[in-house]
Structure formats: structure tokens, C-alpha cells
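# Observations on the three-dimensional arrangement
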Amino acid sequence: MILIQLMLLLLVAISGTAVVFARDPSTQPVGIGFFGLILTVMFMAFRAPDVALSQIVIGTVGLPLMILLALAKMRRDAQQRETAEKRPAKEGPAR
Amino acid sequence: MNSSMRMVLFFFGAAGIALLLVCAFVRLPGPQNLRSRYLKRINDGAVPERNATDAVTAVNFDYRGFDTVGEEFILFVSVMGSMVLLRQASEKRDQPLPDAITPARDVPASDAVRLWILMMVAPKILFGIYIVSHGQLTPGGGFQGGVILASSALIIYVGENFEVFKKILSHPLIETAEGAGAGLFVLIGMIAWFWGRPFLTNTLPLGQTNELTSAGTIPLISLATGLEVTAGFLLLLFAFLQETLTASSE
């Protein structure tokens, strides 16, 4: 049991560091999801099923989802700004 | 300041923090010889005093119920805040969008994905309800079950599109559910006042240990929390998806 716990702690350290070193924001949610999954298994190994359940719903569903949606919104805003700059304001929307 | 200078500064900072952490952690008691009075109190008290077999939920919704009211309202306020922010942005552009923006989702999901999701939705909802309603018996409770319930609506969006997501959910109803969930928690806490006891005291009949109706107010609070968390997450999804998708696909 101690060996499994130690290995899981090591995995947590490695995957946590990997999330920090993933510089591209669009790959970070995937890394964070994996990190959350490893944390969940770690909590299970340390006999905290309640925390593991909270961790799996927040760490692998809630957090990556919110990051992805925020990224999608930012990308769309940038796209919108770009097209707004391309055409003069007085012309108005074409639809 | 160049990058090597920054690395040197970071090294000293990180080394200091590492030293402090090591000093703190070597003094921690191991999991085998924890001798906390609080731990003993909860472990000895949860089943005989509250008929709740899951001590963690008993702490969350009963012994430390007041803290959970605070957490619940943190979620409530942050959902409201994000909705206000996102709504402000969507009012700014009432005029139709320039057509240069490509529709975000004109390729439907594959049949395999749609079939899998169709099979997953009902068991997922059932599992969410199970986690919410068995909070006092097994690990789980309103928070975890609420997110599971909300994510079963999310996978419908993944398999279909936002139109379907909008069709099966009513926005005013979710808004009401979120308010009702948060309010119910406080109202359940006030039940104790009828007996002249402090807020959130577990004054309801405790029932039989291991039964769904055991542990007095704990399952009720779990249900209220489940309602609030489900509705809160759905509202967030609604606001984000509406903001990022409808305008570009309409």
C-alpha cells in the first residue's frame, strides 16, 4: 500500500509539473484533466473516497470544461474584433 | 531583469519554500497515529448521534453545516457573477454578427458518439440522483451528485448541439431551481428554531441507520445542495454556450 501511495504521489508531482510546462492554453485543459484523474486515484489510495468523488467531478469535468469554454469565448471575441477592424464601422453588418 | 537573473531569484525563493515545507512536514503525524480530538469526536459520534454512516457528509451538512452554507453561497454568487459578466457582453452586440465568422458547429457528431451518449444519459442521471440521495450513507452528497447531474445535460450538448440543449432545459426553471436550492438549505437550517435550538441543529427524527431516510436533516440538505449545484452548473453552461455558440450559428 505504501508503495502504491508513493508511486501515486510521484505521478501527481510529474503530471502537475507537466501541466505547468504545457505552454499552449488549448492543451492545458487535457493535462489538467489527467492531473485531476491521478489526484482522484491518489485520494482513493489514501482512503478518502468522498474527496476522490469531489475531485473527479471538479477536476476532470468542471475545471477543464470551464477553461475550454473560456478559451472558446476568448477566441471568438478575438475573431470578432478582427472582422470588425477589417470593415469600416459605418458600413454596418451585411446580414 | 534578464532571464538568468530571474532564475537565480526563483531558485532562492523555491529553495526557501522547499525548506519550510520539509520542516513543516517532518513534524506531521502519520496517518496511523493521528490523535486529533476532533477526529475521535466525529468517528465516535457520527453513527450513534446522527445515524449517518458517512462521517464526511455528517461533518459537511451537520456538524459543520454553517460552513457549508457559506460554501453554497460562494457557488451561488460566483454563478451569478459569471452570468452578469457574460450577459453584459451579449447585450453589447445586439446586431447580427459579421458573416466572416464561421459557424462553430455545422458538422454533426458521428453516429457512434450519438448512440453512446444516448445510452449514457439515463444511467448518468440515475447515478447522479443516487449520489445525491445516498449522501448520508455512502461517499457522495449534494455537491458531487449535482455536478454529475449537470454533466448529463452537457453530454447531450456534446452529442447533439446547443439547440437541443436549449430545447430540453428551461432557463427560467433552472434559475428558479438554483435560487430554491440555496434558499431551501437555509430554510432547513431554520427548522431547528421551532424547537428553540440553534440554526442548523439536526432536530428532525433520525430514523433507522442505513436507511435512505436516516440522519434527520442531512439527506434534505443534501437534496437542496444537489438542486443548487445542478442548476448552478447548468446556468454556467447555458451562459457560456450561448455566448460562444449561438451568435455564430444563428
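Residues numbered from 1 in each chain as written. Chains lettered and ligands numbered in written order. Predicted model: local features only at pLDDT ≥ 70, side-chain atom pairs only at ≥ 80, totals over all residues.

Let us now look at the overall build of chain B. Regarding its fold elements, chain B presents nine helices and zero strands. Tracing chain B from N to C terminus, the helices and strands come up as α-α-α-α-α-α-α-α-α. Looking at chain B as a whole, 32% of its 250 residues qualify as buried. Taking the contacts inside chain B whose residues are at least 6 apart along the sequence as the reference set, 74% of them involve residues at least 24 apart. (Helix = DSSP H or I, 4+ residues; strand = E, 2+ residues; numbered from the N terminus. Buried ≥ 20, exposed ≤ 12 C-beta atoms within 10 Å, placed from the backbone. Contact = placed C-beta atoms within 7 Å.)

Our focus in this paragraph is the overall build of chain A. Along its length, chain A carries three helices and zero strands. The secondary structure elements of chain A, listed N-terminal to C-terminal, are α-α-α. By the compact-globule yardstick of 12 Å for 95 residues, chain A is too spread out, its C-alpha radius of gyration being 20 Å. Judged by the C-alpha coordinates and their principal axes, chain A covers about 70 × 25 × 10 Å. Here chain A holds 95 residues, and 18% of them are scored as buried. (Rg over C-alpha atoms; globule rule 2.2 N^0.38 Å.)

Counted at 1.5 Å a residue, the expected span for helix α2 (residues 37-50) of chain B with its 14 residues is 20 Å, and the 18 Å between its end C-alpha atoms agrees. The sharpest bend along α2 of chain B reaches about 30° and sits at aspartate 44 of chain B, with the proline proline 48 of chain B one to four residues further on. (Expected span 1.5 Å × (residues − 1). Bend = angle between axes of the 7 residues up to and from the residue.)

This brings us to the packing of α2 of chain B against helix α3 (residues 55-63) of chain B. Residues and elements named next belong to chain B. Look at α2 against α3: their axes get within 10 Å of each other, and the N-to-C directions meet at 75°. With respect to α3, the element α2 is oriented roughly perpendicular. Taking contact as the criterion, the partners of Ile42, Asn43, Ala46 and Arg50 in α2 are, on α3, Ala55, Ala58, Val59, Asp62 and Tyr63. Partitioning the contact of α2 with α3 into residue classes produces six nonpolar, one polar and two charged. (Axes fitted to C-alpha atoms, helices over the stretch in contact; angles between N-to-C directions. Parallel < 35°, antiparallel > 145°, perpendicular 65-115°, else oblique. Nonpolar A, V, L, I, M, F, W, Y, C, P; charged D, E, K, R; others polar.)

Attention now goes to unusual backbone geometry. Residue and element names in this part refer to chain A. Positive phi, close to 60°, is recorded for arginine 47, a residue that is not glycine. As for its position among the elements, arginine 47 is in the loop between α2 (28-45) and α3 (49-86). A residue is classified by how many C-beta atoms lie within 10 Å of it, and arginine 47, with 11 of them, is exposed.

Residues and elements named next belong to chain B. Overall, the predicted model of chain B reaches an average pLDDT of 81, with 88% of residues at or above 70. Of all secondary-structure elements in chain B, the lowest mean pLDDT belongs to helix α7 (residues 162-168), at 78, while helix α1 (residues 3-26) reaches the highest, 91. Here residues 94-103 is modelled with pLDDT under 50, and outside its nearest four sequence neighbours on either side it reaches 20 contacts, counting other chains as well. Model confidence for the complex: the whole-complex pTM is 0.78, and ipTM, which rates the interface, is 0.75. (pLDDT = per-residue confidence, 0-100.)

Bringing the packing of α3 of chain A against helix α6 (residues 142-159) of chain B into the picture now. For any two helices packed against each other, one specifies the inter-axial angle together with the distance between the axes. Where α3 of chain A contacts α6 of chain B, the two axes come as close as 8 Å, and the packing angle between them is 35°. Where α3 of chain A crosses over α6 of chain B, the two elements pack in a sense that is left-handed. Here α3 of chain A contributes Leu53, Ser54, Val57, Ile58, Val61 and Gly62 of chain A to the contact with α6 of chain B, which in turn contributes Phe143, Gln144, Val147, Ile148 and Ser151 of chain B. Class assignment for the residues of the contact of α3 of chain A with α6 of chain B results in seven nonpolar, four polar and no charged. (Left-handed = near helix turned anticlockwise from the far one by under 90°.)

Counting residues in each nonpolar core, the largest one holds 49 residues, and the members touching the most others are Val147, Phe233, Leu234, Leu235, Leu236 and Leu237 of chain B. For this core, the secondary-structure elements that each account for two or more residues are α2 and α3 of chain A together with α3, α4 (65-92), α5 (111-133), α6, α8 (171-190) and α9 (217-249) of chain B. In terms of residues, this core owes the most to one element, α9 of chain B, which gives 16 residues. Other than its neighbours up to four places away in sequence, leucine 236 of chain B contacts Val79 and Ser82 of chain B. (Core = buried A, V, L, I, M, F, W, Y, C linked by C-beta atoms within 7 Å.)

So, on to the environment of lysine 166 of chain B. Relative to the elements of secondary structure, lysine 166 of chain B occurs in helix α7. Sequence-wise, lysine 166 of chain B and phenylalanine 238 of chain B are 72 residues apart; in three dimensions their C-alpha atoms are separated by 8.1 Å.

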